Structures are given as C-alpha cells and as structure tokens.
Amino acid sequence: VLAHIHFSSSTEFWKQSLCLLAARISSVPVIFHLHGAHFEESYRAKPWPVKKLIASVLSRANCLIALSEHWRVFLHEVVPKTRVEVLPNPIDARRFSVADEWVDRLGNQVIAILGSLGQRKGQADAIRAMQSVLAHFSGAQLVLAGREED
C-alpha cells in the first residue's frame with residue numbers, strides 16, 4: 001500500500017496534509033505531489049510559525065514530487081532532508097495533431113512548450129537542455145508559446 005496524494009496551495013494543502021498525516025500514523029508510505037502554482041509565494045508570505053508547520057508536514061512524506069527543477073529547489077530549501085524528485089506533467093502526444101504548415105515551416109524536430117511562461121513552469125530547464133538535444137539532433141528547435149505569468 002502506498003498513498004500518492006496531490007496537493008496545491010492554501011486550503012487544499014491543509015486538507016491533503018490531514019490525509020498525509022493519517023497515512024503516516026497508519027504506517028503507510030506517502031508520496032506528496034505538488035501542483036500548487038502559487039504555493040511558493042503563499043509559503044513565503046506566511047509568518048515563521050506557519051512556515052515551520054508547513055515544513056513539518058512536508059517532512060513527513062517519504063518523497064515529494066515536484067513538476068520542475070525550480071520546484072525541486074524550492075522544496076529542498078523548505079525541507080532539505082526530505083527526498084524530492086522531479087516528475088514533469090506528461091503529455092499524451094496522440095491527443096494533438098501537428099498542422100502540416102508547421103511541419104513544413106519548422107521541420108519535424110520541434111519541441112513545443114505551451115502554457116504559462118515563467119520560472120516555475122520549467123521553460124528554463126528546457127532551454128538549458130537544448131544544448132544536449134542539439135548535440136544529437138542538430139535541426140531541433142524549441143518553441144515556447146503562452147502568456148507570461150503574473
């Protein structure tokens with residue numbers, strides 16, 4: 001038995017924390033999976049005692065899952081002794097069709113990242129990874145599209 005609990009910011013964090021604590025009291029290992037877009041700013045705005053309580057809850061997970069390297073660094077800052085792994089959101093490529101004009105214009109070695117643009121979404125990781133990608137696929141291109149985060 002394993003509990004894989006998703007959490008985000010504010011009230012959702014506290015509700016899911018109760019699930020985490022109940023699982024740990026029952027000796028069930030817990031993976032606590034962060035999806036909170038504003039979790040970091042919410043955490044940083046909290047007073048010191050609340051930050052300590054949040055860290056105490058996070059430290060009870062056997063493993064924390066972050067969606068990008070940015071989130072891994074943040075979580076490691078909050079709970080340095082807790083295991084943190086990066087597991088990006090998956091994309092089912094079969095759900096998307098590539099328009100022929102884009103293939104004609106860009107070729108077939110395109111990495112597209114669509115959505116909010118900002119540090120927490122991991123585009124900086126993709127940009128850094130392009131050096132390695134280009135070493136294997138010299139014609140590869142990275143396309144970022146979306147709105148800048150608030």
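This structure is a prediction, so every number in the text was calculated from the model and none was measured. (Residues numbered from 1 in each chain as written. Predicted model: local features only at pLDDT ≥ 70, side-chain atom pairs only at ≥ 80, totals over all residues. Heavy atoms only, no water.)

(A) Highlighting the pairing of strand 2 (residues 30–34). Most of strand 2 sits inside the fold, with 5 of its 5 residues counted as buried. In strand 2, alternate side chains face the same way, and those of V30, F32 and L34 on one face and I31 and H33 on the other are all buried. Sheet topology places strand 1 (residues 3–7) next to strand 2; 5 bridges connect them, and they run parallel. Along strand 2, the bridge assignment pairs A3 with V30. In this fold, strand 1 hands off to helix 1 (residues 10–25), which returns the chain to strand 2; that crossover is right-handed. With 3 bridges joining them, strand 2 and strand 3 (residues 63–66) adopt parallel strand pairing. Of the residues in strand 3, the one forming a bridge with F32 is L64. (Buried < 20%, exposed > 50% of the residue type's maximum accessible area, 1.4 Å probe, protein only. Helix = DSSP H or I, 4+ residues; strand = E, 2+ residues; numbered from the N terminus. Pairing = 2+ DSSP bridges. Right-handed = clockwise from strand over helix to strand, strands pointing away.)

(B) Spotlight on the pattern of salt bridges. Taken as a whole, this structure holds 6 salt bridges when the rule is applied. The residue R44 makes a salt bridge to E40 at a minimum N-O spacing of 3.0 Å. Placement of the pair is R44 and E40 together in helix 2 (residues 39–45), with a separation of 4 residues, close to one helical turn. Under the relative-accessibility criterion, E40 is labelled buried at 17%. Notably, a salt bridge pairs E69 with R72, separated by 2.6 Å at the nearest N-O pair. One end of the pair is E69 and the other is R72, both in helix 4 (residues 69–78) and 3 residues apart, which spans about a single turn. The class of E69 is partly exposed, set by a relative accessible area of 28%. Each of E40, R44 and E77 takes part in a single network of salt bridges with overlapping partners. (Salt bridge = Lys/Arg side-chain N within 4 Å of Asp/Glu carboxyl O.)

(C) Just the environment of Q123, in detail. Tracing the chain through its elements places Q123 in helix 6 (residues 123–136). Spatially, the C-alpha atom of Q123 lies 7.7 Å from that of L144, the residues being 21 residues apart in sequence. With residues near it in sequence (within four places) discarded, Q123 still touches I113, S116, L117, G118 and L144. (Contact = heavy atoms within 4.5 Å.)

(D) Region of the structure containing unusual backbone geometry. For S27, which is not glycine, the phi torsion reads 65° and is therefore positive. Examined against the element boundaries, S27 turns out to sit in the loop between helix 1 and strand 2.

(E) Up close: the sheet that holds strand 3. Taken in spatial order, the 4 strands make up an open sheet running 1-2-3-4, and their pairing is parallel. Each edge of the open sheet carries a strand with a single partner, namely strand 1 and strand 4 (84–86). Mean inter-strand twist for the sheet, computed between neighbouring axes without regard to direction, equals 25°. Across 3 bridges, strand 3 lies against strand 4 in parallel orientation. The residue bridging A66 from the neighbouring strand is V86, located in strand 4. (Axes fitted to C-alpha atoms, helices over the stretch in contact; angles between N-to-C directions.)

(F) Quick peek at the packing of aromatic side chains. Going through the model one piece at a time under the given rule, you end up with 9 aromatic pairs. A centroid spacing of 5.6 Å and a plane angle of 65° characterise the contact between F7 and F13, whose relative ring orientation is edge-to-face. Assessed through its relative accessible area of 2%, F7 is described here as buried. The exposure class of F13 is buried, given its relative accessible area of 2%. An aromatic cluster of at least three residues, connected via ring pairs, comprises F7, F13, W14, F32, F39, Y43, W71 and F74. Directly above the ring of Y43 sits K51, whose terminal nitrogen or CZ lies 5.6 Å from the centroid. (Phe/Tyr/Trp six-rings, centres within 6.5 Å; stacked < 30°, edge-to-face > 60°. Lys NZ or Arg CZ within 6 Å of the ring centre and 35° of its normal.)

These figures capture arrangement, not role.
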